[in-house]
Amino acid sequence: MIKMMRNSLLVCLAAFSFSVLAAPTATEIVQKTTDTLLADLKANKETYRTDPGAFYGALDRILGPVVDVDGISRGVMTVRYSRQATPEQMQRFQDNFKRSLMQFYGNALLEYDNQGIRVLPASGQHDPQRAAVNMEIKDSNGVIYPLSYTMVSQDGTWKMRNVIINGINIGKLFRDQFAQAMQNNGNKLDAVIDGWVDTVAKARQGAGKS
């Protein structure tokens, strides 16, 4: 009996160790998501140009599971405003934020024309809770732009918390836009939540000019 229990325990420990070892790294998750996204875009780009809704749906399906929408949206709203929000307002903002984030990504991706995208090898530093995954994007003129995903560990997997594109911190850009929108709307949270899609569109225009 003792021997059987010992053998069973060893089997359980071995299975647990294998599951831990097999868990994908932040870099592997970014690589797989990027490959899936670009393959889908290549196969359906002409359709997506005439049907943006289908594209945003595909982005949500591919990117949604690896994006920390709750963490990003709370960071954008900041503690100053999030603690004023009701649960209904917070959920509504998260829904609007996720929708606008897919549009933000989608509009940029539709401009992508088979330039080079390379996920760089992970650095030697290993933080069990936070990691930066760096990429390089080459445009049609051969100019290389750096991109970095800030990834956080949640429930045994990695999710994206922020993006820095060519030195532009998208999280900070959104935070500044949110604070400005609150000021423009007399600190009326509902007005800012309802107008968030327009706010993101303006943020993207600002990023493009930069």
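Here, the structure is the one placed above.
Predicted, not measured: the structure shown is a model, and the values here were computed from it.

What about the pairing of strand S3 (residues 144-154)?
And step 1. Relative to S3, strand S2 (residues 130-138) is paired through nine bridges, and the arrangement is antiparallel. Residue pairing for S3: Arg130 is matched across the bridge by Val152.
And step 2. Examined bridge by bridge, S3 and strand S4 (residues 157-165) share eight bridges and lie antiparallel to one another. Directly across from Thr150, in S4, lies its bridge partner Asn162.
And step 3. Hairpin connection from S3 to S4: two residues lie between these consecutive antiparallel strands, with Asp155 at a positive phi of about 50 degrees.

Here's the deal with the nonpolar core
And step 1. In this structure, Leu59, Tyr149, Met151, Phe174 and Phe178 are the most contacted members of the largest nonpolar core, which totals 50 residues.
And step 2. Broken down by element, the residue count for this core peaks at eight residues, all from helix H5 (residues 87-109).
And step 3. Not counting residues within four places of it along the chain, the set of residues in contact with Met151 comprises Ala26, Ile29, Val30, Gln129, Arg130, Ala131, Val133, Trp158, Lys159 and Met160.

Thoughts on the environment of Glu28
And step 1. Counting through the fold element by element, Glu28 comes out in helix H2 (residues 26-50).
And step 2. Of the residues examined, Glu28 reaches a relative accessible area of 44% and is grouped as partly exposed.
And step 3. Each C-alpha atom, one on Glu28 and one on Val133, is 9.4 Å from the other, the two residues being 105 residues apart in sequence.

About the thresholds
- Residues numbered from 1 in each chain as written.
- Predicted model: local features only at pLDDT ≥ 70, side-chain atom pairs only at ≥ 80, totals over all residues.
- Heavy atoms only, no water.
- Pairing = 2+ DSSP bridges.
- Helix = DSSP H or I, 4+ residues; strand = E, 2+ residues; numbered from the N terminus.
- Core = buried A, V, L, I, M, F, W, Y, C linked by side-chain atoms within 4.5 Å.
- Buried < 20%, exposed > 50% of the residue type's maximum accessible area, 1.4 Å probe, protein only.
- Contact = heavy atoms within 4.5 Å.

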